[in-house]
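Spelled out from the first residue to the last, the chains are:
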Amino acid sequence: MRTAALCDSWCEQGGRAVLFVDQLDPTLAPLVGRAELLTASSGDAGEQLRAMGLEDTPHVVVIDGYRFDDRCVDAFVAEVLGSNDVGGNRPIIVSIDDHDQAGRRNVDIAVDPNVAAGRADVSVPVSLHGPSFALLRPEFAAAVRDDAVERVGPLVIALGGSTASNGSTALAHFSKVMAESMLLMGHRPPELADVPRLDRAESPVGAMANAPVAIAAAGGTALELACLGTPAVLVSIADNQVPVTKALGQAGAAVDLGRLADLDGARLVSAVVDLLGDRERREAMSKAGRALVDGRGARRCLAHIDAASIVTRPVDLEDAAMLLAWRNDATTRSSSFDSDVIDLDQHLAWIDRRLQDPDSFLYVGRVGDDDIGHVRFQRSPGGHAVIGVVIAPHARGRRLATPLILAGLRACFAESGVQRVEALIKADNAASITAFTLAGFHPGVENGDHDPGVKVLHYERTDRWV
């Protein structure tokens, strides 16, 4: 489902996505959005793609599955490339994994969207770790409700597709004691087979959004509930879910009841009843969950994928005319703190000063043969830098601002030793604020040394992108 969410966002940006699955389950079709669904058991992946008219090398290959190690990735890529495999033609390889279980290293981008994601492996060029990269379908962010709105729907039980909950005495006790109506998502354990108050959820997103409390396994559903702000009682039905339940419990976004196999039924009932009776606590949990997962993780991941296609090079004097044209564009000037038209002499003098300044780092971003923008950094004596970005007028509307920011950060970090980057943005420039927020910038100290109309965002360099 998380790979399908990434594919759907890719299609929303005008791309085409093919989702290979082990078995072509018809229940998947309405959930995969605009991606085209194929089964790997139908034959050669490359032949299937070419039969669909996809003769070119894929831009991106995304791998998600614990049993797919580096050998599987390389074999699949070779199969997909077929006769197209010319030197340097390898697509961007993205690995989605939980707690590095698959151990893939021969990839370009590694994504672990878990709340309890561990440290990044430095052998992978880009590691995206943490719930800000939770890959959720867009309807989750669209269904977010106000914290103060009372949720009057049935309770939700969401234990995913696993049968690991079979034989749970806690669920058996819970179903006998609780009088509330309930909706079931995913696997139906035998313990709940004959419960009269339990119906299957026809609209999973709506059911979760309206539920006052959900009982869930700590897999992807836990991140969906956090995004919706639905208070959750979480259980672990697999070893890799144990750190997730603990992390969400410590963050105040859920109640951690540990392993389902070890859970006492009375404790499960008590946790749900106590939560139902405490509206203030439910509202606090709702806010904590939404602070962790905002539903834009797929867009963040795609921005990093797009950034991997951007080549940055240092600015030189031959770029002066191009940069001046971009700077004097009316739309660019409207979002700049200095909206005056700059003449050529002023511009040449500015570039010359910057090129002579060891604390200035200026880059042009290029996709293929197309120069798509300019990103610059001015380092201060304190070791932090202020960033500025200009998107070329012809490249607007292609969602390149965040990828260019990310590409610029990587270039600056590699060259400058800068550890903290600050962005100063007009407070009414919503597009720029969104672009920098998706790149990982967070609100800084506002209106200190700056005018009231300035929004201050900052990025702290780490060993991973968060």
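Per chain, residues are indexed from 1 in the order of the written sequence. Only residues with pLDDT of at least 70 get local features here, since the model is predicted, and only at 80 or more are side-chain atom pairs given and counted; chain-wide, interface and lining totals rely on the full set of residues. Side-chain measures were taken over the full set of non-hydrogen atoms in the model, leaving aside hydrogen atoms and water.

A separate point is the pairing of strand β17 (residues 420-426). Criterion used throughout: strands pair if DSSP finds at least two bridges between them. In this description a helix means any DSSP run of H or I spanning at least four residues, a strand means any run of E spanning at least two, and both kinds are numbered starting from the N terminus. Across 4 bridges, the pairing between strand β16 (residues 384-391) and β17 is parallel. For His384, the partnering residue across the bridge sits in β17 and is Arg420. On the question of chirality, the crossover connecting β16 to the parallel β17 by way of helix α15 (residues 401-416) is right-handed. Sheet topology note: the β17/strand β19 (residues 454-460) ladder contains 7 bridges and is antiparallel. Each residue of the ladder has a partner; that of Ile425, found in β19, is Lys455. The definition of a right-handed crossover adopted here requires that, viewed with the strands pointing away, the path from the first strand over the helix to the second runs clockwise.

This next bit is on a nonpolar patch on the surface. Taken together, Leu317, Leu344, Leu348 and Leu355 make up a surface patch of nonpolar side chains, about 320 Å² in accessible area. As for its position among the elements, Leu355 is in helix α14 (residues 344-356). Here the term patch refers to residues with relative accessible area over 30% and no salt bridge, with like charges joined within 9 Å and nonpolar side chains (Val, Leu, Ile, Met, Phe, Trp, Tyr) within 5 Å. Each accessible area is a Shrake-Rupley result for a 1.4 Å probe, and residues are judged covered by the shown protein chains and nothing else. Should a side-chain nitrogen of Lys or Arg be within 4 Å of a carboxyl oxygen of Asp or Glu, the pair is scored as a salt bridge.

Attention now moves to the pattern of salt bridges. Inspection of every chain in the model, using the stated rule, returns 23 salt bridges. Here Asp8 ties to Arg34 by a salt bridge, and the two come within 3.0 Å at their closest N and O atoms. Of the two residues, Asp8 is situated in helix α1 (residues 2-12) and Arg34 in the loop between β1 (18-21) and β2 (36-39); the sequence distance between them amounts to 26 residues. For Arg34, a relative accessible area of 47% gives the class partly exposed. If you follow the salt bridges from partner to partner, you end up with Glu150, Arg279, Arg282 and Glu283 in one network. Working definition: with a 1.4 Å probe on protein chains only, accessible area under 20% of the residue-type maximum means buried, over 50% means exposed, and in between means partly exposed.

Let us look at the packing of aromatic side chains. Any pair of Phe, Tyr and Trp rings, taking the six-membered ring for Trp, is counted once the centres come within 6.5 Å. Such a pair is stacked with planes under 30 degrees apart, edge-to-face with planes over 60 apart, and tilted for the rest. Using the criterion set out here, one finds 5 aromatic pairs in the structure. Between Phe441 and Tyr459 the ring centres are 5.6 Å apart and the planes differ by 50 degrees, which places this aromatic pair in the tilted class. Taken together, the positions of Phe441 in the loop between α16 (430-438) and β18 (442-443) and Tyr459 in strand β19 put the pair 18 residues apart, joining distant regions of the chain. You'll find Phe441 and Tyr459 in the same group, each marked buried. Taken together, Phe413, Phe436, Phe441 and Tyr459 form an aromatic cluster joined through their ring pairs.

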